[in-house]
Amino acid sequence: MYAQFFGNYLLSRGVITGEQLIDAIQKKSVSHVKLGTLAMHAGYMTANEVDQIIIMQTHQDARFGELAVKEGYLTEAQVTELLKAQNPDFLQLGQTLIDEGIIDNQQLQALMIDYESENEIYEGDYSNETIASINHLVENFFVIAERSLSSFEVSFIRLFLTNLVRFIGDDFTPVSPYTCKEYPTNFCVSQRINGRFSVKTYIDMPETACIKFASRYVGEDFTSFDEYVQSSLEDFLNLHNGLFNVNVSNDMSIELSLDPPVVETNELLTFKAETFLLPIVFPFGTLHVIFEIFKSE
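Residues numbered from 1 in each chain as written. Predicted model: local features only at pLDDT ≥ 70, side-chain atom pairs only at ≥ 80, totals over all residues. Heavy atoms only, no water.

Helix and strand counts for the protein stand at 12 helices and 10 strands. Projected onto its principal axes, the C-alpha coordinates of the protein cover approximately 65 × 40 × 30 Å. A total of 297 residues make up the protein; the buried ones form 48% of that total. Counting only contacts in the protein whose residues sit at least 6 apart along the sequence, the fraction spanning at least 24 positions is 69%. When the accessible surface of the protein is split by element, carbon and sulfur atoms take 48% of a total near 14400 Å². (Helix = DSSP H or I, 4+ residues; strand = E, 2+ residues; numbered from the N terminus. Buried < 20%, exposed > 50% of the residue type's maximum accessible area, 1.4 Å probe, protein only. Contact = heavy atoms within 4.5 Å. Areas by Shrake-Rupley, 256 points an atom, 1.4 Å probe, with all protein chains shown as cover.)

Glancing now at the pattern of salt bridges. By the definition in use, this model includes five salt bridges. One salt bridge connects K27 with D23, and the closest N-O pair in it is separated by 3.1 Å. Here K27 pairs with D23, and both are found in helix 2 (residues 18-27), just four residues apart, close to one helical turn. We classify D23 as partly exposed; its relative accessible area is 28%. Measuring nitrogen to oxygen at the nearest pair gives 3.5 Å for the salt bridge that ties D99 to K34. Within this pair, whereas D99 is found in helix 7 (residues 90-99), its partner K34 is found in the loop between helix 2 and helix 3 (35-42), the two being separated by 65 residues in sequence. Owing to a relative accessible area of 46%, K34 belongs among the partly exposed residues under this scheme. (Salt bridge = Lys/Arg side-chain N within 4 Å of Asp/Glu carboxyl O.)

A few words now on the nonpolar core. Within soluble globular proteins, side chains that are nonpolar generally end up buried alongside one another. In this structure, L164, I280 and L287 are the most contacted members of the largest nonpolar core, which totals 81 residues. A total of eight residues in this core trace back to one element, the largest contributor, which is helix 10 (residues 151-167). Other than its neighbours up to four places away in sequence, L164 contacts G169, F172, F213, F236, I280, F282 and L287. With eight residues, the next largest nonpolar core counts Y183, C188, Y202 and L277 among its residues. (Core = buried A, V, L, I, M, F, W, Y, C linked by side-chain atoms within 4.5 Å.)

Once that is clear, we can look at the pairing of strand 4 (residues 187-194). Most of strand 4 is tucked away: seven of the eight residues are buried. Sheet topology places strand 4 next to strand 5 (residues 198-205); seven bridges connect them, and they run antiparallel. Within strand 5, the position partnered with I193 by the bridge is V199. Taken together, strand 4 and the strand that follows it, strand 5, pair antiparallel across an intervening segment of three residues, in which G195 is found at a positive phi of about 140 degrees. Sheet analysis places strand 4 next to strand 7 (residues 262-264), joined by three bridges and oriented antiparallel. Looking across to strand 7, one finds that V189 is bridged to V263. Pairing of strand 4 with strand 6 (residues 257-258), which is carried by two bridges, proceeds in the antiparallel orientation. Bridging across to strand 6, I193 finds its partner in L258. (Pairing = 2+ DSSP bridges.)

Given below as C-alpha cells:
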C-alpha cells in the first residue's frame, strides 16, 4: 500500500504532475529497482556516491555492486543483503521516475527520507505492510478531518483501499481527500452500513471508467456500459461492505446491518452528515469515492 500513498505524496508536493504519475504507474510493473536505489534506501550509500558509481560504469564494464565494493561504499555482505531483502513497493515507483528522467537520485533520496519520517515508517514494516503502519498512513492522509479518526473509520478506509488492490489492481493513487457538501454524479452506486458505526459509501465514475473497472473486477472484457457493468460495481461495493461487517463482528462482536446497493440517479447529491470525497486515480479513469459518516447509534 506504500506505493499508492507515495504517489499522492509526490503529487501534493508538486514533484510530478498527475499525467506523469499515471504514466509511471503504468510502467512501474516492468521497472527493476536498481542496486543503487536499494543502497540509498538502506542508508548504505548517499545519492552522490550512487551517482559516482553510475559514472564509473560508463567507463568500465563492471556491475554496480562490484564497483561499490571496490570503492568501499558497500561490503559483499551488504550487496547480498540488498539483493535478497524484501523492499517497499514505492521504491519501484521511485525507480521508474528516475528512469523516465522526472527526478534524480538526489531528489529520490530526500523524498524517501521525508516520506518515511512523516509517516513513521520504520525498518521491518515492509515485509508485511503491517496493519498498524497502514492505519497510521490513513490517519495522516485524512488530516482534513481536523479530528482523530475513529478505529471504525480507519479500518473501513484501509479495507477499502486493500480491496481495490485485491480485486481491481494496485496501479492507483488516492488523491488528497476533502470535505464535501454536495456532488454532481456521473454513474454512482451507493450503500449504507447501519449500527454502532454508520456510513454510506458512494462510488462514482464516468461510464467509460465503469466499463474498465467492471472488466477488471469480473475478469471479462466488457466493451459497453450495460446492466452487467452496473451489477459488477454494485457487487464490488457490497463485497467490501460485507467483508467489513464480518470483520467487525469477528473482531469486536458488534453486529452491523447492510442496506442493498442503490444506483444514485440524482444529478446533484447533497449531504447532511460529515462527508469526505476521496478521488482515486487509475490509468483508466478517476473514481470519486464518498464517505458519508453518520453519528454512531
